[in-house]
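For reference, the chains in residue letters:
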4 protein chains.
Amino acid sequence: MATSRFRSPEPALDALYDDLSATHLQPLWELRGLLTPTPRVRAVPYRWRADDLAKLGRRAGDLVSIDRGGDRRVLAMSNPGLDGAPFISSTLWAAVQYLQPHEGAPAHRHTPAALRFVLDGEGVYTLVNGDPIGMARGDLVLTPSWTFHEHHNPGDVPMMWLDVLDLPMVAALDAVFFEPAAGPEAGQAHVPRSTAERRWGAGAGLTPAGMSDLPPHSPLLVYRWQNTDAALDALLEAEDTPEATIRFQDPSRGRDVMPTMRCEMRRVLAGATTSRERQTGTRVCAVLDGSGTVLLDDESFDLSPGDVFVVPSWCTHQLHARTRLDVFTTSDTPVLEALGLLRCEQVDE
Amino acid sequence: MATSRFRSPEPALDALYDDLSATHLQPLWELRGLLTPTPRVRAVPYRWRADDLAKLGRRAGDLVSIDRGGDRRVLAMSNPGLDGAPFISSTLWAAVQYLQPHEGAPAHRHTPAALRFVLDGEGVYTLVNGDPIGMARGDLVLTPSWTFHEHHNPGDVPMMWLDVLDLPMVAALDAVFFEPAAGPEAGQAHVPRSTAERRWGAGAGLTPAGMSDLPPHSPLLVYRWQNTDAALDALLEAEDTPEATIRFQDPSRGRDVMPTMRCEMRRVLAGATTSRERQTGTRVCAVLDGSGTVLLDDESFDLSPGDVFVVPSWCTHQLHARTRLDVFTTSDTPVLEALGLLRCEQVDE
Amino acid sequence: MATSRFRSPEPALDALYDDLSATHLQPLWELRGLLTPTPRVRAVPYRWRADDLAKLGRRAGDLVSIDRGGDRRVLAMSNPGLDGAPFISSTLWAAVQYLQPHEGAPAHRHTPAALRFVLDGEGVYTLVNGDPIGMARGDLVLTPSWTFHEHHNPGDVPMMWLDVLDLPMVAALDAVFFEPAAGPEAGQAHVPRSTAERRWGAGAGLTPAGMSDLPPHSPLLVYRWQNTDAALDALLEAEDTPEATIRFQDPSRGRDVMPTMRCEMRRVLAGATTSRERQTGTRVCAVLDGSGTVLLDDESFDLSPGDVFVVPSWCTHQLHARTRLDVFTTSDTPVLEALGLLRCEQVDE
Amino acid sequence: MATSRFRSPEPALDALYDDLSATHLQPLWELRGLLTPTPRVRAVPYRWRADDLAKLGRRAGDLVSIDRGGDRRVLAMSNPGLDGAPFISSTLWAAVQYLQPHEGAPAHRHTPAALRFVLDGEGVYTLVNGDPIGMARGDLVLTPSWTFHEHHNPGDVPMMWLDVLDLPMVAALDAVFFEPAAGPEAGQAHVPRSTAERRWGAGAGLTPAGMSDLPPHSPLLVYRWQNTDAALDALLEAEDTPEATIRFQDPSRGRDVMPTMRCEMRRVLAGATTSRERQTGTRVCAVLDGSGTVLLDDESFDLSPGDVFVVPSWCTHQLHARTRLDVFTTSDTPVLEALGLLRCEQVDE
């Protein structure tokens, strides 16, 4: 274990550098790129096509058993700028997970928080601390930090969905813990409505009285597409604008669903173009429905249903909807906000 | 203007009392009842019958025009313990308001906050800062502190509802302000869904992104019975208990709907009896549906749909449901909580 | 127990009024003065002179034993507008308390919160939950809601100080509880520095690490004049203005010292006049040092050291300092703030 | 830019891996070490000796001009486990900064937050947004995120101090911004007491009334050793324990001094040994006074005044004081707390 040894043509300085290295010190004046005018972001804008994800997921499903590694059959999106790291940005992990008929991914828990967003299909149910949550297209499912979770596909068709985790961030904070569950897997043939929904999902502003010991995340663990869809329509009508965004929140306290991730669904009407803007932190976006383009800095990407793209920190971002576009976004914005590091700006064109 | 003059058979003390009075001072040792072991509550438990309220409301509607006084046709519940003051307790005002067909109660605003709970009927709409809110049985409508509000009955049948205000409390704090609206009355034949509901009412945990300048109260101004009813059923199923209580909350922050009043709806299944308990602060309760009894300290009151009763501070309270009982409650609990004065306890039988 | 019976020359209406009265209802249209354009404040501006307080306190000390009533020898300031109620306003109690040499006022606790401000003298110590706090001129001592407290004068000279409580407000909320202490009185000859000061009083921003179970009030129970005096000088120098105000805060959370009362000390340099302003809620003020005048609405009062005056809700307020003026103020402002009822405005002259 | 290409002896799987790589995807089941039972921490426990830092600082001062690079003459502590990165852990930067007589380090600002702790010497003053702060032994000086700061040494002796920044964390969040100041350097011969201290530093719980627009960090920018020292003595006396810890807090809100860093000073009396404990997140510690040892996991390090050591995440930590030991600690604990990732535990021996 040794630190960098710098060199100088001046003998006295070179001798100092030698001693610094031996003492595990580095001279600031020889370091470059530590404090840059704007963020030096290694992750680049990128889009993964729905078709590719679907085909490769299927092939993995055919070739690899669920217990081959990690107890999950997952393809991680690897940002081309990150030198081969399996992360979509320096803070977030994004992946597709594929489950064959009658397969189950066993229960475990970890400090990195996860969410699942269903771009297509249905039939799998996820248990979060034992509470069974059926998953269908457009649903957002939370498996917050340190909650046990497992996935089961009791049906006859495979299913795939998008996973997003704050894993790189939790790893950078040296705070990853992991634990497999002791007990056996769930095996329910019939999946009832989750207890979380029955307690917390009844309607806006309607909460169970006298609940104490609330968890640090949203007690509502799933947000159903039917409700989100209606909320977007209502908001568009109320605002009379060509686009609207719904934020998913903890109904007990009105905060983000989890301390590290913000989730939103944006609807842009056909023909509309959003303003160009940028902010610090990573956004991972997935097209639920519609087609259009996204301009990320100077690069334009076509968008189709099921496509996933990443907006790295401080990258300008603008959507154009060819048909009505529904885009799910998750980001690390709550972290930047909590630490006083969030910057947003409109970019003039 | 003079303060109390105390008397003493001791001449020196009597002379002191004379001088104290002249100086607007009072001797603590002659005062009684200031610091009592438990609250000395003047308000008494009482129940107003739905029938009485309905009949007297109708008679007032026939005899008194809306503009005769206060721009509202309102019958205030006067607690028998308060020596003729028009308040249901030392902190809350409760009343029924009656509107004839084609009548309107003009817009004004005041610092006391109000809420409307509909025990029967439908057809009136209330505008809150211009946002029209149709009212029907079981709905809770907020007209928070300093919001302009007006009521209109465009239909052919009269309508009556329950008003609750924090007026005595705001008056005791010397903070009552009032202002009539400048403009003309609204006259909408068709009442659309309120903007508040379209923005904030879509579903649990679904909120408009990027809303700033939130008001100090819930931005959702109405809670519909259809949703409350479903929420109660779902909660009863989740908890598997014979009773459940839904709290109405500000969906943007998860707080009480207004800083001074908590609102809840409780459902007790037929045959069930709730635990006996008491707490500081006043509760005003109204029976939406079902029949049973309420035990307030040692007095039992029969309950029928439309009945209103008051639970004074520190009075024990226990419900028994003959048929399934739905009881709306509003209280000053957020005030006692904010000031560190809330005490709750179960009372052993 | 009966409510008001209204009268009408119209027989049908009079009959309705009869039935309303029997049903404990009142017609709003016959009520006056409930919703006024600005607060209808019964308390009036008033000032109690230091000399009067001192003389009458001494006389009470000579004539009345400490155990004669209420276990305290206290003269309550009775606002001339409140029809003989022993309160300085509708929300606050203010009084002087007088303790003879070698006397002790035994321990008790109550939900109304109290503070002590020493206008002159020294030597008494107050125990708060057993923690002994020596009292001297300019010190602010807290005995928060439901803390046991007792006062002892081990010395050879009598001492008097100002008490302010939120008693009328807590009584209006029907939340007064009282309990005498079980144990015997304290009898310390030597009063050490309080534990509260040793833990929390060391300096700005220096707090004990890892303290849990913080009380709902400031854990620092005394604010010493030496520090307040230096803070005022430093603030005047930093701002380069003719007046400055220090707010006493809970050092653990930066909130007001107690949930119901704000405490401040204002210094106005000789010759300066403050801006004219008014706000909702009551302010009780005491002159620690200096002379000048206070203009309360249209009435001017001379001020000398030891004088106490009350600024009722929405009463305009302006100080003029003949010599450098130090004025202690306590108010119910945190309550109005928490309930969304605080209004402040500058008044043009 | 390409992602990792995995290999398999099974041709179908190998073909899948080829296509995954081309599509910037990675198979989870080939990845190792992502989710570990406990944190996989690369940083190792380490201690830098005061003597080494002093000697190498002086040599850098003699050989390198201040404007040679980065406008600061700084030696960064490079954790031996981090493969040559100039960071003391994955989240924190720690360094010594050396300023020659009559030198100045020009003003700039950056989003990474910094603090300075003075282990020895005095005479330099730091301007924070123009407010001059003299620095002396034991003082803690804050230069929070995005505040302009500059350092000046008007005296005749060099001075060195400890810098700690959250730079690696802010870089990992892709949120580094930097800006040099436009204006010329300060050149004050006489350094008055800082405005921050005059406003906020007067005493525990004494704050300027009516301050609005508080910054996201402590408005008090310096904590003087004289006060900290007295606070430690008072706390030890109050608790009657062999060790005590003072936390530096924002006096306006009682929070940590900055959103990303907690600062504490611990005093351990001669002969005492602290409990063995570990927590997530990095602690950087500096010995202000005294001698003893620190046990970090299984490795013991001697401690002398001026020594700096790092406690990596989840590393057990135990101090033994040979003479009375004063240890300053800064950590990223507020971040772990805000994100729900803080774990602390006592370790049995």
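Residues numbered from 1 in each chain as written. Chains lettered and ligands numbered in written order. Predicted model: local features only at pLDDT ≥ 70, side-chain atom pairs only at ≥ 80, totals over all residues. Heavy atoms only, no water.

### Observations regarding the overall build of chain A
Note the threshold: Helix numbering and strand numbering both begin at the N terminus, where a helix is a DSSP run of H or I of at least 4 residues and a strand a DSSP run of E of at least 2. For a compact globule the rule gives 2.2 Å times the number of residues to the power 0.38, and the radius of gyration it is set against comes from C-alpha atoms. Three exposure classes are used, based on accessible area relative to the maximum for each residue type with a 1.4 Å probe and protein chains only: buried under 20%, partly exposed in between, and exposed over 50%. Contact criterion: two residues are considered in contact whenever any of their non-hydrogen atoms come within 4.5 Å of each other.
The secondary structure content of chain A amounts to six helices and 24 strands. Rg of the C-alpha trace for chain A: 22 Å, near the compact-globule value of 20 Å for 349 residues, within the 12% margin. With the C-alpha coordinates aligned to their principal axes, the bounding extent of chain A is approximately 75 × 55 × 50 Å. When the 349 residues of chain A are sorted by exposure, 62% land in the buried category. Counting only contacts in chain A whose residues sit at least 6 apart along the sequence, the fraction spanning at least 24 positions is 71%.

### Describing the pattern of salt bridges
Pairing is possible between side chains of opposite charge, provided their charged atoms come close. Basically, it comes down to this: Put simply, a salt bridge is a Lys or Arg side-chain nitrogen that is within 4 Å of an Asp or Glu carboxyl oxygen.
Counted by the stated rule, this structure contains 88 salt bridges over all chains. A salt bridge links arginine 5 of chain A to aspartate 18 of chain A, with the shortest nitrogen-to-oxygen separation between them at 2.9 Å. Of the two residues, arginine 5 of chain A is situated in the segment before helix 1 (11-22) and aspartate 18 of chain A in helix 1; the sequence distance between them amounts to 13 residues. With its nearest N and O atoms 2.9 Å apart, the salt bridge here joins arginine 224 of chain D to glutamate 197 of chain D. Of the two residues, arginine 224 of chain D sits in the loop between strand 14 (222-223) and helix 5 (225-239) while glutamate 197 of chain D sits in helix 4 (residues 195-200), which places them 27 residues apart along the sequence.

### So, the relation of the copies chain B and chain A
Applying a rotation about an axis and a shift along it to one chain copy brings it onto the other copy. This is how the line gets drawn: Only residues with pLDDT of at least 70 in both copies contribute their C-alpha atoms to the least-squares superposition of the copies.
Mapping chain B onto chain A calls for a rotation angle of 180° and an axial translation of 0.0 Å; the resulting RMSD is 0.0 Å. What the superposition gives is, in effect, a two-fold axis relating one chain to the other. By residue overlap, the copies meet face to face through one surface: 100% of the interface positions of chain B are interface positions in chain A.

### A few points about the pairing of strand 23 (residues 325-331) of chain B
Residue and element names in this part refer to chain B. Cut-off, in case you're wondering: Strands are treated as partners if at least two bridges between them are detected by DSSP.
Burial runs high along strand 23: seven of the seven residues are buried. Side chains Leu325, Val327, Thr329 and Ser331 project from strand 23 onto one buried face, and the interleaved Asp326, Phe328 and Thr330 project onto a second face that is buried too. Taken together, the seven bridges between strand 16 (residues 262-268) and strand 23 define a ladder with antiparallel strand orientation. Pairing of glutamate 264 across the sheet is with threonine 329, part of strand 23. Relative to strand 23, strand 18 (residues 283-289) runs antiparallel, the two being bridged by six bridges. When the bridges of strand 23 are listed, cysteine 285 appears paired with threonine 329.

### Points about the interface of chain C and chain B
We count it as follows: Once two parts are joined, some of their accessible surface, as seen by a 1.4 Å probe, is lost; buried area is that loss totalled over both. Note on residue categories: nonpolar means Ala, Val, Leu, Ile, Met, Phe, Trp, Tyr, Cys or Pro, charged means Asp, Glu, Lys or Arg, and polar means any other residue, Gly included.
Each side of the interface is counted separately: chain C has 83 residues, and chain B has 83 residues. In this assembly, chain C packs against chain B so that about 7,300 Å² is buried in total across both faces, 68% of it on carbon and sulfur atoms. Taken as a group, Trp29, Asp174 and Phe177 of chain C account for 11% of the area that chain C buries against chain B, more than any other trio of residues on that side. Joining chain C to chain B, the criterion identifies two salt bridges. Residues arginine 59 of chain C and aspartate 19 of chain B are paired through a salt bridge, measuring 2.6 Å at the closest nitrogen-oxygen approach. Looking at the side of chain C that touches chain B, the elements with two or more residues in it are helix 1 (11-22), strand 1 (25-27), strand 2 (46-48), helix 2 (50-63), strand 3 (74-77), helix 3 (167-172) and helix 6 (333-338) of chain C. Residues belonging to the side of chain C that touches chain B are distributed by class as follows: 52 nonpolar, 20 polar and 11 charged. Note: strand 3 (residues 74-77) of chain B against strand 1 of chain C, three bridges, orientation antiparallel.

### What about the packing of aromatic side chains?
Two aromatic rings are characterised by how far apart their centres lie and by the angle between their planes. Here is the rule we go by: For Phe, Tyr and Trp, where Trp contributes only its six-membered ring, two rings pair if their centres lie within 6.5 Å, and the inter-plane angle classes them as stacked under 30 degrees, edge-to-face over 60, or tilted in between.
Across all of its chains, the model carries 29 aromatic pairs over all chains by this definition. Plain terms: the ring middles of tyrosine 223 of chain C and phenylalanine 248 of chain C are 5.4 Å apart, the flat faces sit at 70° to each other, and that makes the pair edge-to-face. Taken together, the residues tyrosine 223 of chain C in strand 14 (residues 222-223) and phenylalanine 248 of chain C in strand 15 (residues 243-250) connect sequence positions 25 residues apart. Like phenylalanine 248 of chain C, tyrosine 223 of chain C is buried. Joined through ring pairs, the aromatic side chains of Phe117, Tyr223, Phe248 and Phe328 of chain A make up one cluster.

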